[in-house]
Amino acid sequence: MTNHQFTLPDGFLFGASTSAHQTEGNNVNADWWAFEHRSETVVHETSGDAADSYHRWREDMDLLADLGFNAYRFSVEWARIEPAPGQVSQSALAHYRRMLQGAHDRGLEPVVTLHHFTSPRWFAERGGWTAPDAAEAFTRYTEAVAPVLDGLATHVATINEPNMLALIHTALRQGGVPADLHHLEPDEQITTAMIEAHHAAKATLHSAQPGLRVGWTVANQVFQAEPGAEDACRAHAWPREDCFLEAARGDDWIGVQAYTRTRVGPDGPLPIPDAAERTLTGWEYYPEALGEAVRHTAEVTGGQVPVLVTENGIATSDDQRRVDYTTAALTGLAQAMRDGIDVRGYLHWSALDNYEWGSYAPTFGLIAVDRDTFARTPKPSAHWLGSLARSGRLPG
Ligand code: FCB
C-alpha cells in the first residue's frame, strides 16, 4: 500500500499528457509524416491512425476525468491549423476549441502545447527553424491560435523540448536519428531561432490574452558529473539544456520533463552500465530523475519561475513497474516541494499508449489502445495514479 504523506497545494494540476502527432492519426501535412514516408526513412513504423484521438478525444477526456485527474496536456497541430503559409483553417481551430471546451466540461484544466516536435511541411521545406522568418511564421501561427484559447486555457507551452529539436536537427542533417543523441552537437542557429520564437510568441500571447500563463517545456537530462568532471559536465549541459532553462527566466512557468539521467565524465557522456535496468526505450530506470530535474530547473531559472512537471513516465510492458517508477518519482517530487520549490502540477507521460516517434513498441501509456479497434483500456497504473490525484496527496 502506498503511504500518502505529502498534501498537495490547492489548484495543483494532476493529470496526463499527449501530443497531437503521437495520438491524433493521419497528420499528413506535418513534416514528421513526410519524414516517415521518405523512401530512405529510418523509422521502424509510420504513425498511421495513431490512437485516432482526432476523433476519439472525448473518450480520452472522459476516461481521464473518470480516473480522477483534473488536468490534461495536449498539443494543437500547426500543420492542421495553417496547412499553407498564411492560410488558417477555421475548421481546425473550431476542432481545438471544441476540445478545450470539452476539457472544461469534464473538469479537466487544459495545458496546451503549440508546437510538439512537428511543423507543417511548408515550414520545413522553407528551412524550418533556420529560415530567416521562422520566428515570424511561428508568431503568426500563435496569433491564429490565441482567440481559441480565450477563457478556456490558462497554461500554454510554446515549444516542446526545444533542446531535443536542436539535437534532432543535427541528427537529420547527418542522415538519421540515432538512439543516443548525447554525442551530437546541438545546432546553434536553431537554438537561437527557437529562443527568439519563444519570446516573440510569449509576447503575442500576452498581448492577445493577458491572463495566459506562458512557458516552454525542456527535456531534462539530469546530467551527473563523475568526480572531477564537474566543469566538463557544466560545459556539456549548457547548450543541451541549461541555455534553454536560462531563457525561461521571466516566463510564467517552466515545464520539467524527466525520465532518466546521463552521467558525464571528463570526455563526455558515459554509457549506461551493463548491470543497470533499462526501460523499453533503452533508457536507464532511474526514477530519481524527476526530483533532481525539478531542483536543477529551479536553480538555473533562479527559483523565480513556477514549475509544472509536463512529462514523466516509463516505457514498460510491466504495469507494476510503472507504478514502482512513478511512486519513486513522486516521492522525489514531494521532497523537492517540501524543500520549498514551487511546483504547480504533475502531468504523467503518457495518457495513452501512442506513436513514440518511429515505433509503437515503447508503451508509456496509463491507458492501453488497441491498434485495430482503438478501444481504450485503463491499466491498473491509471487507476492507481488517478486515485492519488483524487486524494490530493503524493507518496513520500
Ligand atoms: C519526450 C517527448 C514526448 C515523448 C517522451 C517519451 O521527449 O516530448 O513526445 O516522446 O519523450
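Heads up: the structure comes first, above all this text.
Note that the coordinates shown come from a computational prediction; the quantities given were computed from them, not determined experimentally. (Residues numbered from 1 in each chain as written. Predicted model: local features only at pLDDT ≥ 70, side-chain atom pairs only at ≥ 80, totals over all residues. Heavy atoms only, no water.)

(A) A look at the side chain of T310. Among the structural elements, T310 can be located in strand β11 (residues 307-311). When sequence neighbours within four positions are dropped, the list of residues in contact with T310 reads S17, R73, T217, W253, G255, V256, Q257 and L347. (Helix = DSSP H or I, 4+ residues; strand = E, 2+ residues; numbered from the N terminus. Contact = heavy atoms within 4.5 Å.)

(B) Representation of the environment of M337. Looking at the secondary structure, you find M337 in helix α12 (residues 319-338). In this structure, M337 is in contact with F6, L8, P9, F12, V343 and L394, ignoring residues within four places of it in sequence.

(C) Spatial organisation of the packing of helix α11 (residues 289-300) against α12. The interhelical angle for the contact between α11 and α12, taken along N-to-C directions, is 30°, at an axis separation of 7 Å. Comparing their axes, α12 and α11 come out roughly parallel. On the side of α11, the interface is formed by L290, G291, V294 and R295, while α12 contributes A329, G332, L333, Q335 and A336. Grouping the constituent residues of the contact of α11 with α12 by class yields 5 nonpolar, 3 polar and 1 charged. (Axes fitted to C-alpha atoms, helices over the stretch in contact; angles between N-to-C directions. Parallel < 35°, antiparallel > 145°, perpendicular 65-115°, else oblique. Nonpolar A, V, L, I, M, F, W, Y, C, P; charged D, E, K, R; others polar.)

(D) Expanded view of the pattern of salt bridges. Scanning the model with the defined rule gives 21 salt bridges in all. R140 is the partner of E82 in a salt bridge, and the nearest nitrogen-oxygen pair spans 2.8 Å. Of the two residues, E82 sits in the loop between α4 (78-81) and α5 (90-105) while R140 sits in helix α7 (residues 134-149), which places them 58 residues apart along the sequence. For R140, a relative accessible area of 34% corresponds to the partly exposed category. Linked by salt bridges that have partners in common, D52, R56 and E59 make up one network. (Salt bridge = Lys/Arg side-chain N within 4 Å of Asp/Glu carboxyl O. Buried < 20%, exposed > 50% of the residue type's maximum accessible area, 1.4 Å probe, protein only.)

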